[in-house]
Amino acid sequence: MTTKQWIGIEEAAKKYQVSSRRINTWCKKQEITCSEIDHYLMLDEDSLLRCIERHTQLSLTEKELEKRKERLIKESEEEIFLLQSMKELAPVMRQIIKELAGMIQNDNRRRMFLFIALEGSFKEYCKQSCQNTYNMQDEFQRLIREIKNRTGFLKTYKDEMIHLKAALRLYEMYYGKDCLYTMNTENQMTKEEKEAIALLNTPIENLGFEVRASRVLCEQGIQTLRDLLELTYKYGWNRLTKIRDLGSTTQNRIMKRLQELNILDDTDEDVSYLYKYLDK
């Protein structure tokens with residue numbers, strides 16, 4: 001089996017036109033990754049190429065080096081332009097990648113996708129996860145194909161989100177910003193809670209109080225049973241006697257009527273089961 005990454009010293013000398021002696025010297029200086037197998041020196045071809053490049057640059061004059069740099073820039077002019085242009089889109093691309101990752105259900109595959117797509121290093125990911133590079137490349141390619149096949153889903157998802165946002169805005173326009181919260185709260189309420197809240201919102205004039213008592217309470221801003229119970233919950237029922245034109249006799253009649261409606265406790269007339277629903 002031929003391994004592309006490793007090359008014999010004689011083959012390397014012939015291929016790159018460098019003497020075996022010189023390559024040996026580089027190996028001794030540990031400038032090249034190498035391994036001796038049965039007295040035969042094998043070289044890591046990538047490290048050999050980097051070493052040759054370094055020594056080639058060192059042997060060039062400053063003028064030759066500058067010319068070489070200009071030639072490389074000219075050859076890569078289009079790629080450099082594209083990279084510079086895409087730089088502005090980097091934050092957007094990173095966000096898109098993160099949203100695509102949300103489509104991957106498996107945690108390990110999602111982590112792999114995010115790391116490789118954002119960091120751009122298979123080797124580093126494989127090193128950290130103790131995985132084989134070639135296996136990871138195959139897995140990543142499969143993952144990309146799966147995501148590509150779901151591009152239709154992304155468009156549908158985007159359209160649905162636009163439709164949903166438009167619908168929410170329409171509800172807000174017609175029913176106010178708290179409409180959805182109110183609807184959701186109502187759906188979660190028990191029958192007992194709904195009945196209690198309906199009773200709390202009963203207008204004072206519908207509770208069967210004397211006409212004079214109802215009029216005085218309404219004049220004081222106590223329009224519903226909720227208003228009345230909130231006042232008495234904070235200050236006690238004796239607070240009613242401090243209202244002008246509403247004495248202790250009227251107070252007792254109001255409390256008696258509330259007992260008849262089972263709003264106040266028969267045994268403890270200061271207590272109402274509706275107090276616990278005042279914050280609803």
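These figures come from a predicted structure and were not determined experimentally.

Rules and cut-offs
Residues numbered from 1 in each chain as written. Predicted model: local features only at pLDDT ≥ 70, side-chain atom pairs only at ≥ 80, totals over all residues. Heavy atoms only, no water. Buried < 20%, exposed > 50% of the residue type's maximum accessible area, 1.4 Å probe, protein only. Helix = DSSP H or I, 4+ residues; strand = E, 2+ residues; numbered from the N terminus. Arc of directions from axis to C-beta. Contact = heavy atoms within 4.5 Å. Pairing = 2+ DSSP bridges. Axes fitted to C-alpha atoms, helices over the stretch in contact; angles between N-to-C directions. Core = buried A, V, L, I, M, F, W, Y, C linked by side-chain atoms within 4.5 Å.

Caption draft 1: Highlighting helix H13 (residues 211-219). Within H13 the residues assigned to the buried category are Ala213, Ser214, Val216 and Leu217. Taken around the axis of H13, the buried residues stretch over an arc of 165°, which confines them to a single face. Opposite the buried face of H13, at more than 90 degrees from it, the exposed residues are Val211 and Glu219. Among the structural elements, helix H14 (225-235) and helix H15 (248-260) are those in contact with the buried residues of H13. Within two residues after H13, Gly221 carries a phi angle of roughly 85°, on the positive side.

Caption draft 2: Molecular detail of the pairing of strand E3 (residues 40-44). Here strand E1 (residues 6-8) pairs with E3 via three bridges, running antiparallel. Its bridge partner being in E3, Trp6 is matched across the sheet by Asp44. Sheet topology places strand E2 (residues 34-37) next to E3; four bridges connect them, and they run antiparallel. Residue pairing for E3: Glu36 is matched across the bridge by Leu41. Between E2 and E3, which pair antiparallel in sequence order, lie two residues; one of them, Asp38, sits at a positive phi of approximately 50°.

Caption draft 3: Local environment of helix H1 (residues 9-16). Restricting attention to buried positions, one finds in H1 the residues Ile9, Ala12 and Ala13. Along the long axis of H1, the arc covered by the buried residues comes to 100°, so they all point the same way. In H1, the exposed residues that point more than 90 degrees away from the buried face are Glu10 and Lys14. Phi turns positive, to about 55°, at Gln17, one or two residues after H1.

Caption draft 4: Region of the structure containing the sheet that holds E3. Spatially, E1-E3-E2 is the arrangement adopted by the three strands of the open sheet, whose pairing is antiparallel. Of all strands in the sheet, those bounded by a partner on one side alone are E1 and E2. For this sheet, the mean inter-axis angle between neighbouring strands, taken without regard to orientation, is 30°. Its contacts with the sheet put H1 on E1 and E3, and the angle it makes with E1 is roughly 90°.

Caption draft 5: Just the nonpolar core, in detail. Membership of the largest hydrophobic core comes to 26 residues, with the highest contact counts inside it found for Phe209, Leu217, Leu228, Leu229, Trp237, Ile254 and Leu258. For this core, the elements supplying multiple residues, two or more each, are helix H12 (191-200), H13, H14 and H15. Considering each element in turn, this core owes the most residues, four residues, to H14. In terms of nonpolar packing, the next biggest core, distinct from the first, is built from 15 residues, Ile97, Ala101, Leu118 and Cys126 among them.

All quantities given are derived from atomic positions and should not be read as evidence of function.
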